[in-house]
Amino acid sequence: MKKLILGALVLAFFAAGCAVTDYPIITDDRGSYSGIIRTGHKAWIQISQVGTLWDDGSDEIFNMVYQNQYGDQKLYTFNNFDPTASVIFLDQTYCDWRYEGCEITRSWNPANDNIDDIFDYEFFPDCSGARSLSLLVSYGTRYGECGDKWSNIQDKAAEFANLATTTWRGGTAYVLPINAETTSVSLNGVAAPIYGQFTAFITGRNQTVVPMTPNARHELAWLSNFVAENGTKANVTITYGSVSANLNMAFASSGITNNLNRF
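Residues numbered from 1 in each chain as written. Predicted model: local features only at pLDDT ≥ 70, side-chain atom pairs only at ≥ 80, totals over all residues. Heavy atoms only, no water.

A. Representation of the state of the cysteines in the model. On inspection of all chains with the given rule, the structure shows 1 disulfide. Here Cys102 is linked by a disulfide to Cys127, with a sulfur-sulfur distance of 1.9 Å. Of the two residues, Cys102 sits in the loop between β7 (73-79) and β8 (105-109) while Cys127 sits in the loop between β9 (122-123) and β10 (133-138), which places them 25 residues apart along the sequence. Exposure remark for Cys102: the relative accessible area of 39% places this residue in the partly exposed category. (Disulfide = S-S within 2.5 Å. Helix = DSSP H or I, 4+ residues; strand = E, 2+ residues; numbered from the N terminus. Buried < 20%, exposed > 50% of the residue type's maximum accessible area, 1.4 Å probe, protein only.)

B. Focus on the side chain of Thr21. Relative to the helices and strands, Thr21 resides in strand β1 (residues 17-22). A distance of 2.6 Å separates a polar side-chain atom of Thr21 from the backbone oxygen of Ile118. (Polar contact = N/O pair within 3.5 Å; in protein donor to acceptor, adjacent residues only side chain to side chain.)

C. A look at the side chain of Asn215. Checked against the element boundaries, Asn215 lands in helix α3 (residues 215-230). Sequence-distant contacts of Asn215, defined by excluding residues within four places in its chain, comprise Tyr195, Gly196, Gln197 and Phe198. (Contact = heavy atoms within 4.5 Å.)

D. Fine view of the environment of Phe124. With respect to the element layout, Phe124 can be found in the loop between β9 and β10. Owing to a relative accessible area of 26%, Phe124 belongs among the partly exposed residues under this scheme. Considering only alpha carbons, one finds Phe124 and Ser254, 130 residues apart in sequence, at a separation of 9.7 Å.

If you want it as structure tokens, here you go:
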């Protein structure tokens with residue numbers, strides 16, 4: 001859980017949503033059957049929910065997986081757009097897998113990883129939410145598909161229990177000030193500058209809200225230059241207060257450029 005929360009901070013820091021391009025094979029051991037399952041349709045991957053607030057509305061990028069009986073997967077990235085910018089997060093209480101919009105990215109993830117580039121993807125810049133995509137993520141651990149539920153964030157991340165809180169739609173949300181005093185981020189050992197302050201909010205359901213401010217453009221411009229000089233893959237180390245985590249990530253260079261052009 002700590003990595004997921006710090007991963008959400010990386011998304012906040014780079015004004016980004018992430019596309020899942022690699023995901024473990026989905027299996028089921030309940031009942032009399034044990035082994036690989038066929039999803040039958042797309043299933044929502046329950047990773048951190050991040051909403052980015054823009055002048056014309058809010059984006060919430062989410063990922064879905066379809067898996068056949070052999071464990072081969074297609075991974076899709078979509079956007080839940082809210083023109084009121086009030087961040088109506090995707091509610092999967094009833095596991096509704098239907099979605100009418102076009103995908104921002106689409107990735108082929110065969111069961112045989114020896115023939116797969118874990119960060120390969122197709123990018124569709126004209127689809128809603130493309131402006132908020134900057135990161136590509138490979139997950140080695142299943143975090144649950146639609147139907148499982150997260151525990152309260154404080155139960156599994158006591159490190160954040162002392163943060164200031166605010167009210168978010170009748171519940172409690174943690175206020176995360178992201179600045180040079182609270183946070184450090186490095187890519188392959190290169191420290192990323194932090195321009196000014198970002199303020200993110202994480203709810204008890206592991207949902208993150210990030211208002212987009214002008215300094216986000218400076219972060220993206222720095223990231224764009226880093227990718228141009230060092231390539232798209234990096235080991236990201238992030239420290240927030242007394243906790244830290246390492247995440248292997250890749251950056252969607254076309255998404256970063258698209259983001260900067262539309263900022």
